[in-house]
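# Chains, contacts and geometry: an overview
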Amino acid sequence: KKPDRILFSYSLSMVTDPEAALRNARQALAPGGQVVVVDFGDLGGLWKPFRGPLRRFLEAFHVTPLDARVLAPHQPRLSWGPGRYYVIARLSAGS
């Protein structure tokens, strides 16, 4: 049985090929299923003095904030957290 939902929780930003991960996840879903991505956003709305240190902290752990362009081809519904610190994306099942 195929799953109705697949969740990427603060993990897609650490995957070598996030496009392939999303493509594979969408293909693995049951019809009408949904991929949900919760990950670090672009940090664009954070106060500038916090942005640089936070990016360096994340880089120390091999984390790059998720680029929304990775999500765009999947036509997601996006919600951004305060300061664009995080993003929640919902993607429908796809071929």
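Before reading on, note that the structure itself is shown above.
One structure accompanies this document, and this report is about it.

## Overview of the packing of aromatic side chains
Using the criterion set out here, one finds 4 aromatic pairs in the structure. Taking the centre distance of 4.8 Å and the plane angle of 70° together, the rings of Tyr10 and Phe40 count as edge-to-face. Taken together, the positions of Tyr10 in the loop between strand E1 (5-9) and helix H1 (18-28) and Phe40 in strand E2 (residues 34-40) put the pair 30 residues apart, joining distant regions of the chain. Overall, the relative accessible area of 27% leaves Tyr10 in the partly exposed class. Each ring, one from Phe40 and one from Tyr85, has its centre 5.8 Å from the other, and the planes form 85°; the classification is edge-to-face. Here Phe40, found in strand E2, pairs with Tyr85, found in the loop between strand E3 (77-80) and strand E4 (86-92); they are 45 residues apart in sequence, far enough to count as distant. A relative accessible area of 32% places Tyr85 in the partly exposed class. Clustering of aromatic rings is evident, with ring pairs tying together Tyr10, Phe40 and Tyr85. The side chain of Arg84 reaches across the aromatic face of Trp80, ending 3.7 Å from its centre.

## Quick look at the sheet that holds E1
Neighbouring strands of a sheet are bound in pairs by backbone hydrogen bonds; such pairs are parallel or else antiparallel. The strand order E1-E2-E4-E3 describes an open sheet built from 4 strands, whose pairing is mixed. Two strands bound the open sheet, and with one partner strand each, they are E1 and E3. Direction aside, the axes of adjacent strands within the sheet are offset by 10° on average. The pairing of E1 with E2 spans 5 bridges and is classified as parallel. Of the residues in E2, the one forming a bridge with Ile6 is Val35. Where H1 meets the sheet, its contacts fall on E1, E2 and E4, and the angle it forms with E1 comes to roughly 155°.

## Regarding H1
Within H1, burial applies to Pro18, Ala20, Ala21, Leu22, Ala25 and Arg26. On its buried side, H1 packs onto E1, E2, helix H3 (68-71) and E4.

## Considering the environment of Ala60
Tracing the backbone shows Ala60 in helix H2 (residues 48-60). In sequence terms Ala60 and Lys1 are 59 residues apart; their C-alpha atoms lie 39 Å from each other.

## Looking at the environment of Gln75
Looking at where Gln75 falls in the secondary structure, it is placed in the loop between H3 and E3. Of the residues examined, Gln75 reaches a relative accessible area of 70% and is grouped as exposed. When the C-alpha positions of Gln75 and Ala89 are compared, they lie 9.4 Å apart, and in sequence the two are 14 residues distant.

Criteria and thresholds
Residues numbered from 1 in each chain as written. Predicted model: local features only at pLDDT ≥ 70, side-chain atom pairs only at ≥ 80, totals over all residues. Heavy atoms only, no water. Phe/Tyr/Trp six-rings, centres within 6.5 Å; stacked < 30°, edge-to-face > 60°. Helix = DSSP H or I, 4+ residues; strand = E, 2+ residues; numbered from the N terminus. Buried < 20%, exposed > 50% of the residue type's maximum accessible area, 1.4 Å probe, protein only. Lys NZ or Arg CZ within 6 Å of the ring centre and 35° of its normal. Pairing = 2+ DSSP bridges. Axes fitted to C-alpha atoms, helices over the stretch in contact; angles between N-to-C directions. Contact = heavy atoms within 4.5 Å.

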